Amino acid sequence: MFELFTHRIVETGRLPLFSFFTAFIVMFVVTRVNVRLIRAEMRWWFKNVQTGDIHIHHVVFGVVLMLVGGVASMAIPDDYGGFDVGAAIIFGMGSALVLDEFALILHLSDVYWTEKGRASVDAVFVAIAVTGLLLLGIRPLGFEGIQPDPEEGGISHTGLVIIYFVTLAANLGLAVVTLLKGKIWTGLLGLFVPLILIIGAIRLARPGSPWARWRYVPGSRKARRALRHEERFRRPLIRGKIWVQEFIAGRHDLDLRHLRKGVSEARGARSQPSDQVRQSHDGT
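Model, not experiment: these values are computed from the prediction.

1. Observations regarding the packing of aromatic side chains
In this description, a pair of aromatic rings is defined by centroid distance and the angle of the planes.
Phase 1: In this structure the tally under the stated criterion is seven aromatic pairs.
Phase 2: Residues Phe20 and Phe91 carry aromatic rings whose centres are separated by 6.0 Å and whose planes lie at 35° to one another, so their mutual orientation is tilted. Linking Phe20 in helix α2 (residues 15–39) with Phe91 in helix α4 (residues 81–99), this pair joins segments that are 71 residues apart in sequence.
Phase 3: Judged by its relative accessible area of 16%, Phe20 is buried.

In structure tokens, the structure reads:
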């Protein structure tokens, strides 16, 4: 296992990326455990960081760590590989803290535990997926395997450049079409696996996507097929994704303080005499 790690990670120069990837995942898990315990108001756990009436969100600490790690990675000479790894770890920790509150930045509002807050978990999943693919050596929109060799009748350097830019433009065009059809994950992963982009660009658009609004007449055959496809295939996948999100990151749209208040009020109501309960319901 160590030899495989050395061959695939260290010798290929991917150790800083691996360090970033590991630090990112660990920090995200630690952060979510921390915020869930704070939300549950455990007496033995930490509380929110407050300065007077201001709640200091962890995105602030993330920005500082990203700045430190990013500047350090540029300032450290190439000969100091160990320090590069340290900078990557710091940058990964900061990135996890920032993306964990991505929804707050997007909406400029504290939507962490609302349905809009799920955008943060989506952003984290995308970052993990993209970094994982890079770690495997898969390059986005890359064109590898063809080397210029004019002496043996191969492709010249100019021809290779032309082919590369034609392929790049085609992949970007397919990615734009796929994203306009509302298929975010397909579009992002397709940047690494072009075959996925071809499938995503050909398939029906999601209802409500820009492509569907522009191209599908309401009530038309394509619009009805898109709705059926969404109900039959997409909705179960979305429910499964939400279940995974809430299993990892905690339940959204559930205010535990209000829940506890409701339970205590219900218990108090049961302990009252029946005429007092009736009066409270009648508002007298």
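Okay, back to it.
2. Description of the nonpolar core
General note: in soluble globular proteins, nonpolar side chains tend to be found buried as a group.
Phase 1: In terms of nonpolar packing, the biggest core is built from nine residues, these being Phe20, Phe24, Met27, Phe28, Ala88, Ala96, Leu97, Val124 and Ala127.
Phase 2: Of all the secondary structure elements, the ones that give two or more residues to this core are α2, α4 and α6 (118–135).
Phase 3: Examining the composition of this core, we find that four residues originate from one element, α2, more than from any other.
Phase 4: What Phe24 contacts, discounting residues up to four positions off in sequence, is Gly92, Ser95, Ala96, Leu99, Val124, Ala127 and Ile128.

3. Side note on the pattern of salt bridges
Charged atoms that come close allow side chains of opposite charge to pair.
Phase 1: Applying the stated criterion across every chain, the model contains five salt bridges.
Phase 2: Arg32 is the partner of Asp100 in a salt bridge, and the nearest nitrogen-oxygen pair spans 2.7 Å. Residue Asp100 is located in the loop between α4 and α5 (102–107), and its partner Arg32 is located in helix α2; the two are separated by 68 residues in the primary sequence.
Phase 3: In this structure Arg32 comes out as buried when scored by relative accessible area, which is 1%.
Phase 4: Across the pair Arg206 and Glu230 runs a salt bridge whose closest N-O atoms are separated by 2.6 Å. Note that Arg206 is positioned in the loop between α9 (194–202) and α10 (210–215) and Glu230 in helix α11 (residues 221–249), a separation of 24 residues in sequence.
Phase 5: Residue classification places Glu230 among the buried positions, given a relative accessible area of 6%.

4. Focus: unusual backbone geometry
Phase 1: Even without being a glycine, Glu41 presents a positive backbone phi close to 55°.
Phase 2: Secondary-structure assignment places Glu41 in the loop between α2 and β1 (50–51).
Phase 3: Even without being glycine, Leu108 reaches a positive phi, approximately 50°.
Phase 4: When its relative accessible area of 79% is taken as the criterion, Leu108 is described as exposed.

5. Section: α2
Phase 1: Under the 1.5 Å per step criterion, the end-to-end length of α2 is 36 Å for 25 residues, consistent within 8% with the ideal 36 Å.
Phase 2: With its phi angle positive at about 55°, Glu41 sits one or two positions after the end of α2.

6. Description of the packing of α6 against α11
Two numbers describe a pair of packed helices, the interaxial angle and the distance between the axes.
Phase 1: Relative to each other, α6 and α11 sit at 90°, their axes nearing to 11 Å. When the axis of α6 is compared with that of α11, the two are roughly perpendicular. Mapping the contact onto sequence places Arg118, Val121, Asp122 and Phe125 in α6 and Lys241, Ile242, Val244, Gln245, Glu246, Ile248 and Ala249 in α11.
Phase 2: Here the contact of α6 with α11 is composed, by residue class, of six nonpolar, one polar and four charged.

7. Details of the environment of Arg234
Phase 1: Checked against the element boundaries, Arg234 lands in helix α11.
Phase 2: You can call Arg234 partly exposed: its relative accessible area is 23%.
Phase 3: Each C-alpha atom of the pair Arg234 and Arg206 lies 8.9 Å from the other, and the pair is 28 residues apart in sequence.
Phase 4: Leaving out residues up to four positions away in the same chain, Arg234 has contacts with Arg206 and His229.

8. Re a positive patch on the surface
Phase 1: A cluster of basic residues, Arg203, Arg215, Arg221, Lys222, Arg224, Arg225, Arg228 and Arg232, forms a positive patch on the protein surface.
Phase 2: Of all the elements, α11 adds the most residues to the positive patch, at six residues.
Phase 3: Inspection of the secondary structure puts Arg232 in helix α11.

Conventions used here
- Residues numbered from 1 in each chain as written.
- Predicted model: local features only at pLDDT ≥ 70, side-chain atom pairs only at ≥ 80, totals over all residues.
- Heavy atoms only, no water.
- Phe/Tyr/Trp six-rings, centres within 6.5 Å; stacked < 30°, edge-to-face > 60°.
- Helix = DSSP H or I, 4+ residues; strand = E, 2+ residues; numbered from the N terminus.
- Buried < 20%, exposed > 50% of the residue type's maximum accessible area, 1.4 Å probe, protein only.
- Core = buried A, V, L, I, M, F, W, Y, C linked by side-chain atoms within 4.5 Å.
- Contact = heavy atoms within 4.5 Å.
- Salt bridge = Lys/Arg side-chain N within 4 Å of Asp/Glu carboxyl O.
- Expected span 1.5 Å × (residues − 1).
- Axes fitted to C-alpha atoms, helices over the stretch in contact; angles between N-to-C directions.
- Parallel < 35°, antiparallel > 145°, perpendicular 65-115°, else oblique.
- Nonpolar A, V, L, I, M, F, W, Y, C, P; charged D, E, K, R; others polar.
- Patch = residues over 30% accessible without salt bridge, like charges linked within 9 Å, V, L, I, M, F, W, Y side chains within 5 Å.
- Areas by Shrake-Rupley, 256 points an atom, 1.4 Å probe, with all protein chains shown as cover.
- Lys, Arg positive; Asp, Glu negative; His and termini not counted.
- Charge placed at Lys NZ, Arg CZ, Asp CG, Glu CD.

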